[in-house]
Protein chains: 2
Amino acid sequence: MGNRVIKMSTLYLTEQGSILHKTQRRLVIIKNKKIIQEIPIFKIDRILIFGNIQISTQALSFILDSGIICSFFSSQGKFKGSLRPVESGNVFLRIAQYERYLDKEFRVEISKTIVYAKINNEIKFLENYSKTNFKEIIEELKKNINNLKDKNSISSIMGIEGHSTSLYFKGLSLILKNKFLFEKREYHPPKDPANALLSFGYSLITNEIFSLLSGIGFDPYIGFFHELTYNRPSLALDIVEEFRTPVVDKMIVTLINKNIIKEEDFQREENSIYLNNIAKKAFLTHYEKRIQNYREIIKVQCHKLMDSVLNKKIYEPYLED
Amino acid sequence: MGNRVIKMSTLYLTEQGSILHKTQRRLVIIKNKKIIQEIPIFKIDRILIFGNIQISTQALSFILDSGIICSFFSSQGKFKGSLRPVESGNVFLRIAQYERYLDKEFRVEISKTIVYAKINNEIKFLENYSKTNFKEIIEELKKNINNLKDKNSISSIMGIEGHSTSLYFKGLSLILKNKFLFEKREYHPPKDPANALLSFGYSLITNEIFSLLSGIGFDPYIGFFHELTYNRPSLALDIVEEFRTPVVDKMIVTLINKNIIKEEDFQREENSIYLNNIAKKAFLTHYEKRIQNYREIIKVQCHKLMDSVLNKKIYEPYLED
């Protein structure tokens, strides 16, 4: 336990009915009048609260004073909102961000870079598996990477990205155990267990990147590759692209193929499907373990993006070997 | 009580040690296991919490789901942060806001308008009093309004604004009872009771406008008249200018001159001065009464600003008769 606490920078609260308190410089989690966890505040970067967990005003005030963003999710993992300290006033970064947004050339360049990295990371992942029917998919993906070079509009880059994604998920479905019946990526709401896990994982990493970008002072709604739409955190989604496969997809293959999460861990509700509470904890534990190896890398990418936006430096994406 | 609840759109929680709960579609405030207030959620636009008040997760989740911004203040009235629903994603407004920010002509025009309204509202206020020594001040203020016309830089407009403000506060000090020893506007921290009341009032109205602008989808840190600085909500401060005198200053004259708040209601602490709890409640009650007459007007101004930013329409300021 001690080690886990030392390494971690995100505190996940999932224990339904527990209360988050404050004592001196520590956060204390209490359930049925018993302390179940105690963490010094300086070890925490952010707090994620799932479902019915109380939080004392002293703790709340302490969290705000410590500059920590605390996000609230439904017990199903749906992001509901967050508690934020007087917001990052790095308004100069946002001014630069808007300037870059208006600069079509900048947008095209960074979009190519992001999609290049995304496809690269998908290929590296598929190459770990020796399925013969991948060869064709990998070849196609490589062609797509090659085709990116000549593109000079966002929509043509988006076309390549869309084509690659459907190819890639065909590959992913061949890796996943059959009984999970994953055919293609579907969401809002997810219709099969694999899609439900993907959606949950993507929601976590998007929130992670959203908070980080907000904290630095970006407007997370103004992206360069993703189109602007009401309520879509486009900039977070731009950065997410590089990390979907290495962080989320890889983990989900492990969870499914090693039977850590099984078909009976899911509950169907009307038109959609959810994880039960025990499996959700297993999911979050695996996610936290996995993200720990990437959190520093993600931070570096967000700062590279800042550098690129402020100083017009070329954005170097995260590429898996 | 009933009437007060029906009219109000802001819920102030100041009762130390109370708890905010939820039952069905209502928020319930409980202290010592007794219900002290019950309000249907649809009557609330925003919630302001001062000091040590608990909030249950069900209430918190309910507030987020209802799209209500909940702001936290220290018991002294210092803004600490806020709980926000998945933020207003009106990213198109922010794009336009940024374009207007780069448009120097737009900035100069709107700054003149804002300062014109501010001085106008100061004059209208002073004219209610028949002090002979005002004549000169009012004449000077009118000259300043006149001088605004030819200005074509923000810094020259700022010069006029600064000069007017010091003139105006000289007038205000003549209206206020002497024992409050108000000479000039001072803050960070305020050094005399009148300045403490002004700071508290300005902090409330700034937060009110900040939330409104955020909610509409503005970036409240990018203003047109106020200079950009880290952590300064410049756009909120732009709009505040029109309302300082009618909302806050007028109220403070009433509170002081009618002896509603007296010198003994203040506590000195090191280098600064604070209101005690009872006087703070009186202050908030008066503020709420006063702001109710202006809340609609402030909303209209924020929407006029949106219209001006999106459609380049001329911004019409709020002018007191």
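That block above? That's the structure.
The structure reproduced in this document is the subject of the present report. (Residues numbered from 1 in each chain as written. Chains lettered and ligands numbered in written order. Predicted model: local features only at pLDDT ≥ 70, side-chain atom pairs only at ≥ 80, totals over all residues. Heavy atoms only, no water.)

1. Focus on the relation of the copies chain A and chain B
Aligned on chain B, chain A shows an RMSD of 0.1 Å; the corresponding rotation is 180 degrees and the shift along the axis is 0.0 Å. Accordingly, the operation relating the two chain copies is best matched by a two-fold axis. Taking C-alpha positions as the reference, the residue of chain A nearest the rotation axis is Leu-83 of chain A, at 2.0 Å. With an isologous cut-off of 70% or more, the 100% of interface residues of chain A that recur at the interface of chain B puts this contact in the isologous class. (Least-squares fit on C-alpha atoms with pLDDT ≥ 70 in both. Contact = heavy atoms within 4.5 Å.)

2. A few points about the interface of chain A and chain B
Contacts between the two partners involve 41 residues from chain A, matched on the other side by 41 residues from chain B. Buried area between chain A and chain B, both sides added, is near 3700 Å², and the carbon and sulfur share of it is 57%. Where chain A meets chain B, there are four salt bridges. Across the salt bridge formed by Lys-80 of chain A and Asp-65 of chain B, the nearest N and O atoms sit 3.1 Å from each other. Where chain A packs against chain B, one counts 13 residue pairs in polar contact (both at pLDDT 80 or more). (Buried area = accessible area lost by both parts, 1.4 Å probe. Salt bridge = Lys/Arg side-chain N within 4 Å of Asp/Glu carboxyl O. Polar contact = N/O pair within 3.5 Å; in protein donor to acceptor, adjacent residues only side chain to side chain.)

3. Side note on the state of the cysteines
Across all of its chains, the model carries zero disulfides over all chains by this definition. The structure places no disulfide on Cys-70 of chain A, whose sulfur is separated from the nearest cysteine sulfur, that of Cys-70 of chain B, by 13 Å. Residue Cys-70 of chain A is classed as buried on the basis of its relative accessible area of 0%. (Disulfide = S-S within 2.5 Å. Buried < 20%, exposed > 50% of the residue type's maximum accessible area, 1.4 Å probe, protein only.)

4. Some thoughts on the nonpolar core
Grouped together as the largest cluster of nonpolar side chains are 166 residues, with contacts concentrated most on Ile-205, Phe-283 and Leu-305 of chain A together with Ile-205, Phe-283 and Leu-305 of chain B. The residues touching Ile-205 of chain A, leaving out its near neighbours within four places in the chain, are Val-240, Phe-243, Val-247, Val-248, Tyr-287, Ile-291 and Ile-298 of chain A. (Core = buried A, V, L, I, M, F, W, Y, C linked by side-chain atoms within 4.5 Å.)

5. Description of the sheet that holds strand E5 (residues 46-50) of chain B
Within a sheet, each strand pairs with its neighbour through backbone hydrogen bonds, oriented either parallel or antiparallel. Pairing within the open sheet is mixed, and its eight strands lie in the order E1(A)-E5(A)-E7(A)-E8(A)-E8(B)-E7(B)-E5(B)-E1(B). At either end of the open sheet lies a strand with only one pairing partner, and these are strand E1 (10-13) of chain A together with strand E1 (10-13) of chain B. In this sheet, adjacent strand axes meet at a mean angle of 15 degrees when their direction is disregarded. Its contacts with the sheet place helix H7 (residues 193-216) of chain B against E1, E5, strand E7 (69-73) and strand E8 (79-85) of chain B, and it is angled at close to 145 degrees to E5 of chain B. (Pairing = 2+ DSSP bridges. Helix = DSSP H or I, 4+ residues; strand = E, 2+ residues; numbered from the N terminus. Axes fitted to C-alpha atoms, helices over the stretch in contact; angles between N-to-C directions.)

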